[in-house]
Amino acid sequence: MSKARVFDLSLFAASVAIAFIPKHAIVLDYTYIKALVLYTLFSSFYFQLRIVTRSGNSTIDYAISYTSSFGIFAGPLGTFLFETVYRFIVFFYKKKTKTADPGEFLDTFYNIGSFTLGGSAAYYLYTVLHPFAERFPLGYWLLFLLVVCVTTLLSSTFLIITFALSGDIKTRKEARHLLFRSRNLLDFSKVALTNALLLRLLQMEKWEMLIALFLLNYIVSLSFYSKSQSAQHKYERDKFEQMAYRDFLTGTYNRAHMDKMMKELNQSGEYIGIVVADIDRFKKINDSFNHAVGDRIIIDFADTLKRFLQEEDILFRSGGEEFTVFLRNRTFEECQSQIQAILDSLHGHSVAAEFEEQMIRVPYSASFGLYYYKADPGQKTSMEKGYVYADQLLLESKKLGRNRLSYRNDLRP
C-alpha cells in the first residue's frame, strides 16, 4: 500500500478515535435525526454543483461544505456519522453513474476522516472561543469566519500531504498554489455566513427556516452554475466558430468567412475596395528552400497586410499564398494609396528563416489587383463578381512584371 493511502487511512482512524471518545457520545434523538436527514439531503443536492479540478492522478473537489455548522451542533461523533452517511451516498452515486475514480472507495475513507477532523476542529474552536466572542459586536459572525478559515486550511493541508506522498506535487511552490487555489475572502465569507445562520436555526429548531435557507442557497448556486455553464458553452461555440473561420497558419480569416462576408456586404451600400494580393514566384521559393521557409514568408506577408489595415477592413487568406482584403468606406484614391504603401514597405524587405540548420534571409515581393465599387443591391455587380474582377487585375499585374498594383474604379465614367 502506498504512503498516501496509509496517510488517508490514518486520517480515518484518527476521526474514529476522536468521535468515540466517551464524552462525545450523542443521543440519537429526534432533533439529531432530523438534522442528519436535512444536512445529508441538501449536501447530496449540492454535490451536483461542485467544482472539480484535477492534480495529477488526484481529484480536488471544491464545493460549499456544511460540516462546520453540523460539527459544532453535533460534536465529533455526530459529524462522523453524518460524513459516513453522506460520503457513501456520494460513492454509490459515482459508481452508478460510472464517474468514480479507480481509488474511489479508499478516497471515501479519506473524505470521512478529513471532514470529520475538520468538523471536530470547528467544534473545539467554537466551544473555546464562543464565550469570548459573545462579548463583542458581530463576535459570533467573526468567530465563524475564523472557524471556516481554520477548517479550510486544515483540509487543504491534508490534501497537500496526500499529494506530496503520492508524488502529485513535488515542490513548495506547487503546495502553496494548491493551498491558496480558489481561496479568497468572498468564498470564506459565503461559507461562514451560511454555516453561522444554519447553526443558529439548528439551535432554535427553526426547521422551516432551516429548509428555506438550504433551498435559497441551493437555488442561488444552481442559478450561478447554470449561468456559468451557459457562459462556458457560449465560449466553446465562439471558439469553434472562430476555428471554423480562421486560417490556422496566419490567424487571418479564411475563404469560408470570406464567402460569408461577401453575402453580407452585398446589401450594405458601402464603398468597397476589393484587393487580391499574391506573393510573387512563391513556388520558386518553396522549390529553392522548403515549405517551412515558405510558411514563414506567408506569415510575414499576412502580418505586413495587417499593419496597414484600419479597424473595419477585413483580411482573408483566400488561397495558398493569396490574400484578399475588403477596404471599407474609403475613397478610391485612399485605397490606391494604401496598397502603394504596402508595396513600398516590401521594397528591399526580407524574412529571416531557418534553412539547413542556419538562419537565412529571403526577400520577396507581391502583386495586387484592386477593384473599387459601391456594394449596392441595385447594381449589377455583386461582391462575388467584384472578387473575380480583382483577381483578373492581379493576373494583369503578374503579366506586367509583378511587384505592382493594377486597378479599376467602377464608379469612374
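Residues numbered from 1 in each chain as written. Predicted model: local features only at pLDDT ≥ 70, side-chain atom pairs only at ≥ 80, totals over all residues. Heavy atoms only, no water.

The name an unreviewed UniProt entry gives the protein is Diguanylate cyclase, with Paenibacillus phytohabitans as the organism.

Q: Talk me through the overall build of the protein; I want residue IDs and the actual numbers.
A: A tally of regular secondary structure across the protein gives 13 helices and nine strands. Within the protein, the proportion of its 413 residues that are buried is 44%. Look at the contacts in the protein between residues 6 or more apart in sequence, and 74% of them connect residues 24 or more apart. (Helix = DSSP H or I, 4+ residues; strand = E, 2+ residues; numbered from the N terminus. Buried < 20%, exposed > 50% of the residue type's maximum accessible area, 1.4 Å probe, protein only. Contact = heavy atoms within 4.5 Å.)

Q: Any chance you could break down helix α12 (residues 332-346) for me, citing the residues and the numbers?
A: Compared with an ideal rise of 1.5 Å per residue, which puts 15 residues at 21 Å, α12 spans 22 Å between its outermost C-alpha atoms and is within 8% of the ideal. Here α12 has its buried residues at F332, C335, Q338, I339, I342, L343 and L346. Along the axis of α12, the buried residues cluster in a sector spanning 140 degrees; they form a single face. (Expected span 1.5 Å × (residues − 1). Arc of directions from axis to C-beta.)

Q: Any details on the nonpolar core? Residues and values, ideally.
A: Residues I297, F301, Y364 and F368 are the most contacted members of the largest nonpolar core, which totals 32 residues. Only β3 (271-279), α10 (282-288), α11 (291-307), β5 (322-328), α12, β6 (350-355), β7 (358-363) and β8 (366-374) provide two or more residues apiece to this core. When neighbours within four sequence positions are excluded, I297 is seen to be in contact with I279, I285, V351, V362 and Y364. Judged by nonpolar contacts, the second largest core, of 21 residues, contains Y32, Y66, A74 and L202. (Core = buried A, V, L, I, M, F, W, Y, C linked by side-chain atoms within 4.5 Å.)

Q: Describe the pattern of salt bridges, with residues and values.
A: Per the stated rule, a full pass over the model turns up 14 salt bridges. Residue K260 is joined to E264 by a salt bridge in which the shortest nitrogen-to-oxygen separation is 3.0 Å. In this pair, K260 and E264 both sit in helix α9 (residues 255-265), four residues apart, roughly one turn of the helix. The salt bridge partner of E270 is R328, with a shortest N-O separation of 2.7 Å. Here R328 lies in strand β5 and E270 lies in the loop between α9 and β3, a separation of 58 residues in the sequence. The class for R328 is buried, based on a relative accessible area of 16%. Residues joined in a network through salt bridges with shared partners are R5, D8 and D107. (Salt bridge = Lys/Arg side-chain N within 4 Å of Asp/Glu carboxyl O.)

Q: Can you break down the UniProt feature "transmembrane region" (unreviewed entry) in the protein residue by residue, with the values?
A: Following the UniProt record, the feature "transmembrane region" (unreviewed entry) maps to residues 32-49, 69-93, 105-126, 138-165 and 209-225 here. A helix fraction of 100% and a strand fraction of 0% characterise residues 105-126, whose end C-alpha atoms lie 32 Å from each other. (UniProt positions renumbered as here; feature names shortened; annotations may be inferred.)

Q: Could you give an account of the pairing of strand β9 (residues 405-409), with specific residues and numbers?
A: Two faces belong to every sheet, and in a regular strand the side chains alternate between them. Relative to β9, β8 runs parallel, the two sharing five bridges. Bridge pairing links Y371 to R408 in β9. Handedness of the crossover is the feature at issue here: the chain leaves β8, passes through helix α13 (residues 383-399), returns alongside β9, and the resulting connection is left-handed. (Pairing = 2+ DSSP bridges. Right-handed = clockwise from strand over helix to strand, strands pointing away.)

Q: Just give me the short version of the sheet that holds β8, but keep the residues and values in it.
A: Spatial strand order, β4-β5-β3-β8-β9: five strands in an open sheet with mixed pairing. A strand with exactly one partner marks an edge of an open sheet, and here the two such strands are β4 (314-317) and β9. Pairwise comparison of adjacent strand axes, ignoring direction, gives a mean angle of 15 degrees for this sheet. As paired strands, β3 and β5 are joined by seven bridges and run antiparallel to one another. When the bridges of β5 are listed, A277 appears paired with F323. (Axes fitted to C-alpha atoms, helices over the stretch in contact; angles between N-to-C directions.)

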